[in-house]
Amino acid sequence: MGSQDPNISFKAALLETHGYSLVQPDCPVKLNQNECPFDVPEALKREILDETLSRNWGRYPDFVPTDVKEKLARHHGVMPESVLIGNGSNELIQATFMSTVGPGRGVVIAVPTFSLYALMNTVLEGDLRQVPMREDLSFDTESLISAARSPDVKLTVLCSPNNPTGSLISLTDVAAIAEAASGLVIVDEAYFEFGGQTSLGLLADHSNMIITRTFSKALGAAGLRIGYLVAHPDVAKEIEKVKLPYNVNMFSLIATRRLLDEGALVDERVSLIRSERDRVTARLAELPGVTPYTSSANFVLFRIEQSVEATFQGLITQGVLIRDVSHYPLLDQCLRVTIGTPSENDTFLQALNDVIG
Ligand SMILES: Cc1ncc(COP(=O)(O)O)c(C=O)c1O
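Keep in mind that this is a model prediction, so the values were computed, not measured.

Quick notes on the packing of aromatic side chains
- Here the structure, examined in full by the defined rule, presents 6 aromatic pairs.
- With 5.6 Å between their ring centres and 85° between their planes, Phe114 and Tyr117 make a pair best called edge-to-face. By the burial criterion, Phe114 is buried, and Tyr117 matches it.
- Between Tyr191 and Phe299, the ring centres sit 5.1 Å apart and the planes meet at 85°, which makes this aromatic pair edge-to-face. On the criterion of sequence distance, the pair formed by Tyr191 in the loop between strand S6 (184-188) and helix H8 (192-195) and Phe299 in strand S10 (residues 299-304) is long-range, its members being 108 residues apart.
- Phe299 sits in the buried class, given a relative accessible area of 0%.
- Ring pairing ties together the aromatic residues Tyr60, Phe63 and Tyr246, which thus form one cluster.

Here it is, written out as structure tokens:
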């Protein structure tokens, strides 16, 4: 039965939107989703599996995963009541939208940015205010402040480092936006480890702020779907009401607790990815007609003079999958490549050189 059935009445805005989608041809070098190129070490996987095997799978996980919340809270020097755990950070972003956005309620985002925010706004029929980034793809803080201070704005979303540009917003600017904003301000820090700057310290003075984090990028566990948010306990309490009960399964909760002990491994991997990012950026800048943007994340956005479609498809032919982001506002002629292992990065650079050469 299709949506043409007169008895089915989807929201008009939903029918008009394409939803979140991804072109995913099978390529040996996969640099299109900003994942970590290194898997969780096998010994660690076995430990997590062994602990999962020792549990009764017939029972629900804890109603409130207190031990994991406490561990995350200790990690960040906040109260456990400030922490919510999600089935990926996307789920907590969704819960925040559901608790604040609706018809006649304003949402402010800087564009181009992660497509989920606009999609959530569409589904919830909010009033989206898109603030373009500056020409150099830095955040236009003055315009964000003036949009966020409008009394009907209930949510402002800052993604820092921003996907897909890699731009970072300064802590002074985040604080100024949070100060001026008339509603909640999410700082999506999915890529924070690669930029090394966090807005967590601003929470104490700005109770309208929410920081979201994920295990999908630097922690290399995208397949486990683990994310969390940190907010003032009063804010976390309201968002918790929207979150589905038992949203994170037993296995992912065990993995979260265990992966939090792997700080040294994460640091080592992040530092390799950062140095590879700088190497890839420098090599891109040497290619004719290619202009990379400075990135504080685990990916690099670059503009090309050649055809985006032909370059993207040419790379696929060579077994390298990156992301075509040329349909985003301000990003015509742009592609985004995730930083992989050194040899994956070499394969990408060689393939790009061949395709555009
Ligand atoms: C900016 C940003 N936030 C959140 C996410 C989703 O993270 P998770 O896997 O924790 O749902 C992504 C994934 O690409 C992202 O780019």
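Here we look at the domain arrangement of the protein
- Domains assigned within the protein are domain 1 (12-40 + 264-356) and domain 2 (42-262).
- For domain 1 and domain 2, the distance between their C-alpha centroids amounts to 24 Å.
- At the interface, 33 residues of domain 1 touch 34 residues of domain 2.
- Summed over both partners, the interface of domain 1 with domain 2 buries about 2,800 Å², with 66% contributed by carbon and sulfur atoms.
- The interface formed by domain 1 and domain 2 contains 1 salt bridge.
- Its salt-bridge partner being Asp39, residue Lys45 comes within 2.7 Å of it at the nearest N-O pair.
- At the junction of domain 1 and domain 2, the tally comes to 12 residue pairs in polar contact (both at pLDDT 80 or more).
- Breaking the side of domain 1 that touches domain 2 down by element, the ones donating at least two residues are helix H1 (12-16), helix H11 (263-286) and S10.
- Looking at the side of domain 1 that touches domain 2, the element that brings in the most residues is H11, giving 7 residues.
- A breakdown of the residues in the side of domain 1 that touches domain 2 according to their chemical character gives 20 nonpolar, 8 polar and 5 charged.

As for the environment of Ile109
- Considering the arrangement of structural elements, one finds Ile109 in strand S3 (residues 106-111).
- The sequence separation of Ile109 and Leu155 amounts to 46 residues, and the corresponding C-alpha distance is 8.8 Å.
- Beyond its immediate stretch of four places on either side in the chain, Ile109 contacts Tyr117, Ala118, Leu128, Arg129, Gln130, Val131, Leu144 and Val157.

A word on empty space enclosed by the protein
- For the structure on display, the rule yields 2 cavities of 30 Å³ or more.
- Taken as a whole, the largest cavity spans an internal volume of roughly 70 Å³.
- Along its surface, the largest cavity is lined by Cys36, Val40, Pro41, Leu44, Ala218, Leu219, Leu259, Glu262, Leu265, Val266 and Arg269.
- Sorting elements by how many residues they give to the lining of the largest cavity places H11 first, with 3 residues.
- A breakdown of the residues in the lining of the largest cavity according to their chemical character gives 9 nonpolar, no polar and 2 charged.
- Mapping the lining of the largest cavity onto the domain boundaries places at least three of its residues in each of domain 1 (12-40 + 264-356) and domain 2 (42-262).
- Counted as a void, the second largest cavity has a volume near 30 Å³.
- Taken together, Ser160, Ile169, Leu171, Val174, Val187, Glu189, Gln197, Thr198 and Ser199 make up the lining of the second largest cavity.

Reading the values: the criteria
- Residues numbered from 1 in each chain as written.
- Predicted model: local features only at pLDDT ≥ 70, side-chain atom pairs only at ≥ 80, totals over all residues.
- Heavy atoms only, no water.
- Phe/Tyr/Trp six-rings, centres within 6.5 Å; stacked < 30°, edge-to-face > 60°.
- Buried < 20%, exposed > 50% of the residue type's maximum accessible area, 1.4 Å probe, protein only.
- Helix = DSSP H or I, 4+ residues; strand = E, 2+ residues; numbered from the N terminus.
- Domains from an automatic or database assignment.
- Contact = heavy atoms within 4.5 Å.
- Buried area = accessible area lost by both parts, 1.4 Å probe.
- Salt bridge = Lys/Arg side-chain N within 4 Å of Asp/Glu carboxyl O.
- Polar contact = N/O pair within 3.5 Å; in protein donor to acceptor, adjacent residues only side chain to side chain.
- Nonpolar A, V, L, I, M, F, W, Y, C, P; charged D, E, K, R; others polar.
- 1 Å grid on protein atoms, 1.4 Å probe; cavity = no way out; pocket = protein on both sides within 12 Å on 5 of 7 lines; lining within 4 Å.
- Points joined across faces, edges and corners; volume = space filled by probe spheres on them.

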